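Listed here are the chains, written in short residue letters.
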Amino acid sequence: MKIAFSPCPNDTFVFHAWVHGLIPGAPDLDITYADIDITNHLAAQGDSGYDVLKISYAALPWVLDRYALLPCGGALGRGCGPLVLTAGAKNTPKDASALSGCRVAVPSERSTAYLLFRLWAAQNVPGGVGEIVVMPFDQIMPAVRDGQIDAGLVIHEARFTYPNYGLTLVTDLGNWWEQDTGLPIPLGAIIANRSLDLKAISSWAQASVEYAWAHPEASREYVLKYAQEMDPKVADAHIGLYVNHFTANLGEDGYAAISTLLTRAADEGLVPRFDPEALLLP
C-alpha cells in the first residue's frame, strides 16, 4: 500500500507500528516522507497513485471526490495552533495591524495554517498582508531571522523552538480559533482512496495509534531518525501536543471543528463548496 506522510514526530510516532509490520493483517507500506505542501499537491493529482496520505484539512475540499477522510491518525487539538512570528529587530512588525503589506512566508497555500491565517488576517490586518511566499516549514524561521521575509507562519515544533531564533510572537492562531469557536483546531487529516476498503484501513491506522501509546519507547529510534536532528525532549513535547484523543477518533467535536473551518472558508471563497456528509466514512 502506497502512503505519504511527513517525517514529523507525530506522524512517525502514529505510523511506527504499521510501518514496522506490527499490526496483524495490515499490508506492507511503500512510504514517502514528504513536507505537507508536497502531500497536499500529491492528493490533488488525479493519478498520484497514493492510497493513503496525510494532508492539511484545508486541502480536503479539493480531494473529497476521490479520497475519504479517515476518523483516526490525524492531528487536531487545543493549544497547538500555528503561530505568526516576526524577527526581534526594532523595525519589524510586532502586532497584527503592522503586518499590513508585509511579505509573509507560509508552509503551503493549501495548509490549514494558511487558511486560519487568511481568516484571521481578514478580521485583524487592515488592508491585508502583502506578498505570500511558500517555503518548507523548517526554512521559515531562519528566513524570518535573517530578514529574507517580514513575518512567518509556522507549525509543528516551532511552537517550542522559535525563541531560539530570536523571534517574536505576533499571534497564536490556535488561541484565536478556540476563543472564536470553542472548538479544537483541525490541522492534519489522514485520507484514503475511496476505491479501497476504508474501514479496514481505518482499523489498521487506529491499531497503530493504540500500539504507539501502549509502547511509547518502541518508536523512539524511528521518530528521532526522521526528526531532523530534533532534541528528544522537543520531539516528546511535539508528540504529546499533536497525538491526543482526536488522533484515535475524531469524535463529535472533531467533525464539528472540521466542518466549521471548511464551511467558514467556503463562505469566504477560500475553498470549494463541499457536502458535509462527505466528511463521514461511508
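From a predicted model like this one, the values you see are computed outputs, not experimental measurements.

Q: Give a detailed account of the overall build of the chain, specifying residues and quantitative values.
A: Scanning the chain for helices and strands turns up 11 helices and 11 strands. The C-alpha atoms of the chain give 18 Å as radius of gyration, which agrees with the globular expectation for 282 residues (19 Å, within 12%). C-alpha atoms of the chain, sized along the principal axes, occupy 60 × 40 × 35 Å. In the chain, buried positions account for 56% of the 282 residues. Put simply, 79% of the contacts in the chain that link residues at least 6 apart link residues at least 24 apart. Summed over its atoms, the accessible surface of the chain is roughly 11,600 Å², and 49% of this surface lies on carbon and sulfur atoms. A distance of 4 Å separates the average location of the 18 positive side-chain charges in the chain from that of its 31 negative side-chain charges.

Q: Would you mind going over the packing of helix α3 (residues 112-124) against helix α6 (residues 173-181) in detail, with residue names and values included?
A: It is the contact of α3 with α6, at a shortest axis distance of 10 Å, that shows an interaxial angle of 70°. Of the possible angle classes, the one that applies to α3 and α6 is roughly perpendicular. Note on packing geometry: the crossing formed by α3 with α6 is left-handed. Facing Ala113, Leu116, Phe117, Leu119, Trp120, Gln123 and Asn124 of α3, the residues of α6 in contact are Leu173, Trp176 and Trp177.

Q: Can you break down the packing of aromatic side chains residue by residue, with the values?
A: Tallied over the entire structure, the rule returns eight aromatic pairs. Ring geometry for Phe5 against Tyr33: centres 5.4 Å apart, planes inclined by 90°, an arrangement best described as edge-to-face. Placement of the pair is Phe5 in strand β1 (residues 2-5) and Tyr33 in strand β2 (residues 30-33), with a sequence separation of 28 residues. According to the relative accessible area criterion, Tyr33 is partly exposed, its value standing at 27%. When the ring of Phe15 is compared with that of Trp18, the centres are 6.4 Å apart and the planes differ by 40°; the resulting orientation is tilted. With Phe15 and Trp18 both in helix α1 (residues 9-19) and three residues apart, the pair spans about one turn of that helix. Site record: aromatic cluster; members linked through ring pairs are Phe5, Phe15, Trp18, Tyr33, Trp204, Tyr222 and Tyr226. It is Arg110 that lies over the ring of Trp62; its NZ or CZ is 3.9 Å from the centre.

Q: Describe in detail the pairing of strand β11 (residues 185-193), supporting the description with residues and values.
A: Extensive coverage of β11 is indicated by the burial of eight of its nine residues. In terms of strand pairing, strand β3 (residues 52-56) meets β11 through five bridges, oriented antiparallel. If you follow Ser56 over to β11, its bridge partner there is Gly188. The sheet contact formed by strand β4 (residues 67-69) and β11 spans three bridges and is antiparallel. Bridge pairing in β11 places Ala68 opposite Ala192. Relative to β11, strand β5 (residues 75-77) is paired through three bridges, and the arrangement is antiparallel. Each residue of the ladder has a partner; that of Ala75, found in β11, is Gly188.

Q: Break down the sheet that holds strand β6 (residues 83-87) for me, citing the residues and quoting the values.
A: Spatially, five strands are ordered β8-β7-β9-β6-β10 in an open sheet, and the strand pairing comes out mixed. The open sheet terminates on both sides in strands that have one partner only, identified here as β8 (132-134) and β10 (167-172). Averaged over all pairs of adjacent strands, the angle between their axes in this sheet comes to 30°, without regard to strand direction. As paired elements, β6 and strand β9 (residues 151-154) share four bridges and run antiparallel to each other. When the sheet's bridge partners are listed, Thr86 is paired in β9 with Ala151. Sheet strands in contact with helix α4 (residues 137-145) are β6, β7 (104-106), β9 and β10, and its direction is about 160° off that of β9.

Q: I'd love a proper account of the side chain of His238, names of residues and values included.
A: Relative to the helices and strands, His238 is located in helix α9 (residues 232-242). Residue classification places His238 among the buried residues on the basis of a relative accessible area of 0%. The contacts of His238, once residues within four sequence positions are left out, are Cys8, Pro9, Asn10, His156, Glu157 and Phe160.

Q: Pulling in residues and values, what's your account of the packing of α3 against helix α11 (residues 251-267)?
A: Between α3 and α11, the shortest axis-to-axis distance is 11 Å and the interhelical angle comes to 55°. Comparing their axes, α11 and α3 come out oblique. Relative to α11, α3 is oriented so that their crossing is left-handed. Contact residues: Thr112, Leu115, Leu116 and Leu119 in α3; Leu261, Leu262, Arg264 and Ala265 in α11. Partitioned by chemical class, the residues of the contact of α3 with α11 number six nonpolar, one polar and one charged.

Quick notes on the rules
- Residues numbered from 1 in each chain as written.
- Predicted model: local features only at pLDDT ≥ 70, side-chain atom pairs only at ≥ 80, totals over all residues.
- Heavy atoms only, no water.
- Helix = DSSP H or I, 4+ residues; strand = E, 2+ residues; numbered from the N terminus.
- Rg over C-alpha atoms; globule rule 2.2 N^0.38 Å.
- Buried < 20%, exposed > 50% of the residue type's maximum accessible area, 1.4 Å probe, protein only.
- Contact = heavy atoms within 4.5 Å.
- Areas by Shrake-Rupley, 256 points an atom, 1.4 Å probe, with all protein chains shown as cover.
- Lys, Arg positive; Asp, Glu negative; His and termini not counted.
- Charge placed at Lys NZ, Arg CZ, Asp CG, Glu CD.
- Axes fitted to C-alpha atoms, helices over the stretch in contact; angles between N-to-C directions.
- Parallel < 35°, antiparallel > 145°, perpendicular 65-115°, else oblique.
- Left-handed = near helix turned anticlockwise from the far one by under 90°.
- Phe/Tyr/Trp six-rings, centres within 6.5 Å; stacked < 30°, edge-to-face > 60°.
- Lys NZ or Arg CZ within 6 Å of the ring centre and 35° of its normal.
- Pairing = 2+ DSSP bridges.
- Nonpolar A, V, L, I, M, F, W, Y, C, P; charged D, E, K, R; others polar.

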